[in-house]
Amino acid sequence: MTVNTPLCFRGKKILAPMVRVGTLPMRLLALDYGADIVYCEELIDIKMLQCKRVINGKYEVLGTVDFVAPNERVVFRTCERERHRVVFQMVRNQPQVLLESDVAGIDVNMGCPKEYSTKASMGAALLSDPDKIESILTALVKGICKPVTCKIRILPSVEDTVNLVKRIEKTGIAAIAVHGRKKEERPQHPVHCDVIKAISEAVSIPVIANGGSHDFIKEYTDIETFQKATAASSVMIARAAMWNPSIFRKEGLFPLKEVMQDYIKYVLRYDNHYTNTKYCLCQMLREQLETTQGKKLHLAQSTQEICEVFEMADFYEETTAVFEAKKTSVETETPEENDQIEDPDVIKMAVRFDKREYPPQITPKMYLLEWCRKEKHPQPVYETIQRPLDRLFCSVVTVAEQKYRSTLWDKSKKLAEQAAAIVCLRTLGVPEGKLCEGENHLINKRKREDQEHLNNRDHEDLAEPSHKKANFTEETSDLNVPKM
């Protein structure tokens, strides 16, 4: 039995919160290499409150807990492996309490100097409002049972900084992370170790020193040097860990090629989006971005292409095959009592719609509608139900008096309808518009229609007065918007 003990923030090596970097694959890799605690990338609490918590456990493949936005984007993904060592960092400007049962702690970002945070009275903007800081932290400490921390930057004077931290300490937080630069300073400016040291000596709660990557931390032994210079309880590492997360290894850095391959394995295991993967790998390559490998990475447009760049094409194929087999196995194990569509005349297939496999603004539903028009059939009719047990959706599409559906249930009505359309198209042997199908006739058709539309406009522009041109533009501006 695992005992869930509260996080200790003394004597720890910590992965700092970094936008676009601190996603699940990077956090798990840092833990593998020796990090004691990992912070997720900063997330806005209001967005999280709009998310639906989805457990990808027994009836799913990944074994994760996902927080999914209304647009189906996964805002935050975590798993059991990090549950007792991940700290959820949020950016907030109101003292509302956000309860979070899937992480080991909650952190409030009060140090982000970026304009998107400060303009919204978040991040470093909070440093000028101690009353609001106290209100936010007090509400969190009282409202949840997990440790609460906050991360700040230093103020123009040492005295003001120490006074603020003392006031923060009184809220009851478990630790405070201090980035040793002022909000207007950037990485090229020296980190103010003396200010962090003054804070460490003035308060009794653990102080986590941050900001040493540029001046101090190049390898593991440098972490202790930075800790001694600041008299801090722990050290939080950002850019040095982003460049090579094996900075946490006592035995020394791994070669970058090995680190990137380890990272990609987690990317595949947890279905990380390729754009995020690409960004993190670019940060690791740094000066090597102009090499042949760097240029190939820049051109990569999918996880598969990224794997090819790093000599992992075979691993990609093997992992993909395992996942597909697992999906099929999971579907056969789904309790039949949860399946509310048992019409024997419905043609079924286990498929899902993944928009990453299709060109922008092209979907299976569009292809199916196009096919029905060409064959002079009535347009497809979709009937969708929601399963009460888990609130997932399944859709049945009727085409030429035959019904089709996917046996897999989806997170939204739109996704379920697309899956049903795929079943129909595959059964009929009709192209569905995937990128791998080569030339996309529907895109070409729409381009021709757009060009004809522009040509007609040019022709009519020559013949009509200017006041009629304006009306024509206004009336036809939405003609080419896809109808779903």
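Residues numbered from 1 in each chain as written. Predicted model: local features only at pLDDT ≥ 70, side-chain atom pairs only at ≥ 80, totals over all residues. Heavy atoms only, no water.

A. Structural view of unusual backbone geometry. Its identity as a non-glycine residue notwithstanding, glutamine 361 has a phi of 65°, on the positive side. Within the fold, glutamine 361 resides in the loop between strand E13 (346-349) and helix H14 (364-374). The residue glutamate 401 is not glycine, and still its phi comes out positive at about 70°. Residue position: glutamate 401 is located in the loop between strand E15 (393-399) and strand E16 (402-406). Owing to a relative accessible area of 81%, glutamate 401 belongs among the exposed residues under this scheme. (Helix = DSSP H or I, 4+ residues; strand = E, 2+ residues; numbered from the N terminus. Buried < 20%, exposed > 50% of the residue type's maximum accessible area, 1.4 Å probe, protein only.)

B. Structural context of the packing of helix H9 (residues 256-269) against helix H10 (residues 274-285). Contact geometry of H9 with H10 gives a least axis separation of 11 Å together with a crossing angle of 170°. On the basis of their axis angle, the class for H9 and H10 is roughly antiparallel. Helix-helix and strand crossings are classified by hand; for H9 and H10 the assignment is right-handed. Counting all contacts with H9, which are made through Leu256, Val259, Met260, Tyr263, Ile264 and Val267, the residues of H10 involved are Asn276, Thr277, Cys280, Leu281, Met284 and Leu285. Of the residues belonging to the contact of H9 with H10, the class tally is ten nonpolar, two polar and no charged. (Axes fitted to C-alpha atoms, helices over the stretch in contact; angles between N-to-C directions. Parallel < 35°, antiparallel > 145°, perpendicular 65-115°, else oblique. Left-handed = near helix turned anticlockwise from the far one by under 90°. Contact = heavy atoms within 4.5 Å. Nonpolar A, V, L, I, M, F, W, Y, C, P; charged D, E, K, R; others polar.)

C. The nonpolar core, seen in detail. Ranked by internal contacts, the top residues of the largest apolar core, which has 105 residues, are Met110, Ile176 and Phe310. By residue number, the principal contributor to this core is H9, which donates eight residues. Viewed by domain, this core spans two of them, domain 1 (12-253) and domain 2 (255-330), each represented by three or more residues. In this structure, Val351, Ile362, Leu415 and Ala420 belong to the second largest nonpolar core, which totals 21 residues. (Core = buried A, V, L, I, M, F, W, Y, C linked by side-chain atoms within 4.5 Å. Domains from an automatic or database assignment.)

D. Representation of the packing of aromatic side chains in the model. Counting across every chain of the model gives six aromatic pairs. Relative to phenylalanine 88, the ring of phenylalanine 76 has its centre 5.2 Å away and its plane inclined at 80°; by these criteria the two rings are edge-to-face. You can see phenylalanine 76 sitting in strand E6 (residues 74-79) and its partner phenylalanine 88 sitting in strand E7 (residues 86-91), a full twelve residues away along the chain. Of the residues examined, phenylalanine 88 reaches a relative accessible area of 0% and is grouped as buried. Through pairs of rings, three or more aromatic residues link up here, namely Phe67, Phe76 and Phe88. Of note, arginine 269 hangs over the ring of tyrosine 270, and the distance from its end group to the ring centre comes to 4.5 Å. (Phe/Tyr/Trp six-rings, centres within 6.5 Å; stacked < 30°, edge-to-face > 60°. Lys NZ or Arg CZ within 6 Å of the ring centre and 35° of its normal.)

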